[in-house]
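What follows is the residue order along each chain.
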Amino acid sequence: MAVLKVKFTKTKRDKLAQILWILNWVSVVSGIILFSLGLFLKIEIKKRNEVMAKGDVNSVPNMLISVGVIACIINFLGGKICYDCSDANKFSRWKLVMLPYIVCTFCFTFCILVGALMCYTMRNELEESLYLGLRDAIKFYKDTDIPGRCFLKKTVDMLQIGFQCCGNNGFRDWFEIQWVSARYLNMASKEVLDRLKSNVDGKFLVDGVPFSCCNPSSPRPCIQYQLTNNSAHYNYDFLTEELNIWVKGCREALLDYYTAIMRSIGVAALLIWLFEVSVLIGVRYLQTAMKNVLLLGDLEGESDGWLLENSFVETAKYNINIIKNLGKANQISTVSGMNDPNIDVQNTNCGKPSVTTKSIPAA
């Protein structure tokens, strides 16, 4: 029994073909939107790839860009097919193409759904990439005179100022690394030498942060050095007072920023997916209705259209059997005791009369 069978008159078939023609052109625009969203996300990630570790963070934008391009091509072809389907004579040349087209479009719409879901599952990969990238960027913050790293100080400073953050997980990350270059240390100072000797690795560690961690909205001057020393500042208690530096870590700030973008893109991709599914359903009804018109031979009469010719269970069993039987026709059994059925077939002369072979007389 057909699934969701609908009866179509010639007028309904023509109107359906015209509506689908318009919707396919709208789908071309939706493909451009998907392409643009993927390109925007790729550019936003590339802007800060200096603080990201190499990974699969570009898989989502690449997926959206690819699906967007395919959407434009498929829906452009679908618009041409639906436009010709308003004429039964023109439909004949698309008759064998429509079913493969519908199958390809179904796979394509599934890719849109996968791309939308990937926008919500990308957070873990992005968080790991940001953690590793920011850790290395902060580690090499002081290397302003080393080629390949000299840009990292400016990158980290602009990042902390722009996103109002400090460090990787927080401002205390700066306490664990030497972020002041050795060229700016006074090696004749006893305080500097004592601090270098007090560290196992000979690093100059301080309980301070770069200037880019300072909050300009704070009413008092920025306290960026000796943050944990209450006696070094007047009327100051770092445990109870709200610090006048950014407390949020840059990893969390960037993660929130990209998560908001990907959620918006995910919602847009889901809406486009629903729209593409509705167009696909309409094309399937048009294909089956036009096919039945040709079978009936009455181009002006009514015809039935459906989503599936048989029930879901029967269709599934039929497709599973096709998959199971693929390639079996050319297989030769090697099981012991089983012979080729053609072995015992007697040879025939294809209808030719038998000719007696004459012996050649000896010379």
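Worth saying up front: this structure is predicted, and the values here are computed from it rather than measured.

Caption draft 1: Region of the structure containing the packing of aromatic side chains. By the definition in use, this model includes nine aromatic pairs. Taking the centre distance of 6.4 Å and the plane angle of 65° together, the rings of Tyr141 and Trp179 count as edge-to-face. Remark: Trp179 occurs in the loop between α6 (152-163) and α7 (190-198) and Tyr141 occurs in the loop between α5 (123-139) and α6; sequence separation between them is 38 residues. For Tyr141, a relative accessible area of 2% translates into the label buried. Accessibility expressed as a relative area gives 9% for Trp179, which makes it buried. Taken together, a centroid distance of 6.2 Å and an interplanar angle of 20° make the contact between Trp179 and Tyr225 stacked. Linking Trp179 in the loop between α6 and α7 with Tyr225 in the loop between α7 and α8 (250-296), this pair joins segments that are 46 residues apart in sequence. Assessed through its relative accessible area of 45%, Tyr225 is described here as partly exposed.

Caption draft 2: Quick peek at the environment of Val279. Among the structural elements, Val279 can be located in helix α8. When neighbours within four sequence positions are excluded, Val279 is seen to be in contact with Leu20, Leu23, Asn24 and Ser27.

Caption draft 3: Up close: the state of the cysteines. Under the criterion given, the structure shown has three disulfides. The partner cysteine of Cys165 in its disulfide is Cys250, sulfur to sulfur 2.1 Å. When the S-S torsion is 90°, as for the bridge of Cys165 with Cys250, the disulfide is right-handed. Placement of Cys165 in the loop between α6 and α7 and of Cys250 in helix α8 is noted, with a sequence separation of 85 residues between them. A relative accessible area of 0% means that Cys165 is categorised as buried. Covalently, Cys166 is tied to Cys213 through a disulfide, its sulfur atoms 2.1 Å apart. For the disulfide bridge between Cys166 and Cys213, the dihedral angle about the S-S bond is near 85°, and by the sign convention the bridge is right-handed.

Caption draft 4: Local environment of the nonpolar core. By size, the foremost hydrophobic cluster in this structure holds 78 residues, and its most contacted members are Trp174 and Val209. Broken down by secondary-structure element, the contributors of at least two residues to this core are α1 (10-47), α2 (59-84), α4 (95-121), α5, α6, α7 and α8. Ranked by residue count, the leading element in this core is α8, at 17 residues. A domain-level breakdown of this core finds at least three residues from each of domain 1 (3-139 + 252-314) and domain 2 (171-247).

Caption draft 5: The side chain of Thr288, seen in detail. Here Thr288 is to be found in helix α8. Separated by 3.1 Å, the side chain of Thr288 and the backbone oxygen of Tyr285 make a polar contact. Ignoring anything within four residues of it in the chain, the contact list for Thr288 reads Asp304, Gly305 and Trp306.

Caption draft 6: Structural context of the pattern of salt bridges. Tallied over the entire structure, the rule returns 10 salt bridges. Of the charged contacts, one joins Arg251 and Glu127 as a salt bridge, the two residues approaching to 2.8 Å between their closest N and O atoms. Taken as a pair, Arg251 in helix α8 and Glu127 in helix α5 lie far apart in primary sequence, 124 residues in all. Classification of Arg251 by relative accessible area gives buried; the value is 18%. When the shortest N-O distance is used, the salt bridge between Lys153 and Asp157 registers 3.0 Å. Taken together, the residues Lys153 and Asp157, both in helix α6 and four residues apart, mark about one turn of the helix.

Caption draft 7: The arrangement of the packing of α1 against α2 in detail. Between α1 and α2, the least distance of the axes is 7 Å, while the angle of their chain directions is 165°. In terms of axis orientation, α1 runs roughly antiparallel to α2. For the pair α1 and α2, the sense of crossing is left-handed.

Caption draft 8: Summary view of the UniProt feature "transmembrane region" (unreviewed entry) in the chain. UniProt's entry tags residues 20-40, 60-78, 98-120 and 265-286 with the feature "transmembrane region" (unreviewed entry), counted in the numbering of this structure. Taken end to end, residues 20-40 is 100% helix and 0% strand, and its two terminal C-alpha atoms sit 30 Å from one another. Secondary structure within residues 60-78 divides into 100% helix and 0% strand; the distance between the first and last C-alpha atoms comes to 26 Å.

Caption draft 9: A look at the side chain of Glu276. Inspection of the secondary structure puts Glu276 in helix α8. For the buried residue Glu276, which engages in no salt bridge, the nearest side chain bearing the opposite charge is Arg284, 16 Å off. When neighbours within four sequence positions are excluded, Glu276 is seen to be in contact with Ser27, Ser30, Asn75, Phe108, Thr109 and Ile112.

Caption draft 10: A look at a nonpolar patch on the surface. Taken together, Trp21, Ile22, Trp25, Val26, Phe76 and Tyr83 make up a surface patch of nonpolar side chains, about 620 Å² in accessible area. Of all elements in the fold, only α1 and α2 reach the threshold of two or more residues within the nonpolar patch. For the nonpolar patch, the leading source of residues is α1, giving four residues. By the secondary structure assignment, Phe76 is in helix α2.

Cut-offs applied
- Residues numbered from 1 in each chain as written.
- Predicted model: local features only at pLDDT ≥ 70, side-chain atom pairs only at ≥ 80, totals over all residues.
- Heavy atoms only, no water.
- Phe/Tyr/Trp six-rings, centres within 6.5 Å; stacked < 30°, edge-to-face > 60°.
- Helix = DSSP H or I, 4+ residues; strand = E, 2+ residues; numbered from the N terminus.
- Buried < 20%, exposed > 50% of the residue type's maximum accessible area, 1.4 Å probe, protein only.
- Contact = heavy atoms within 4.5 Å.
- Disulfide = S-S within 2.5 Å.
- Core = buried A, V, L, I, M, F, W, Y, C linked by side-chain atoms within 4.5 Å.
- Domains from an automatic or database assignment.
- Polar contact = N/O pair within 3.5 Å; in protein donor to acceptor, adjacent residues only side chain to side chain.
- Salt bridge = Lys/Arg side-chain N within 4 Å of Asp/Glu carboxyl O.
- Axes fitted to C-alpha atoms, helices over the stretch in contact; angles between N-to-C directions.
- Parallel < 35°, antiparallel > 145°, perpendicular 65-115°, else oblique.
- Left-handed = near helix turned anticlockwise from the far one by under 90°.
- UniProt positions renumbered as here; feature names shortened; annotations may be inferred.
- Lys, Arg positive; Asp, Glu negative; His and termini not counted.
- Patch = residues over 30% accessible without salt bridge, like charges linked within 9 Å, V, L, I, M, F, W, Y side chains within 5 Å.
- Areas by Shrake-Rupley, 256 points an atom, 1.4 Å probe, with all protein chains shown as cover.

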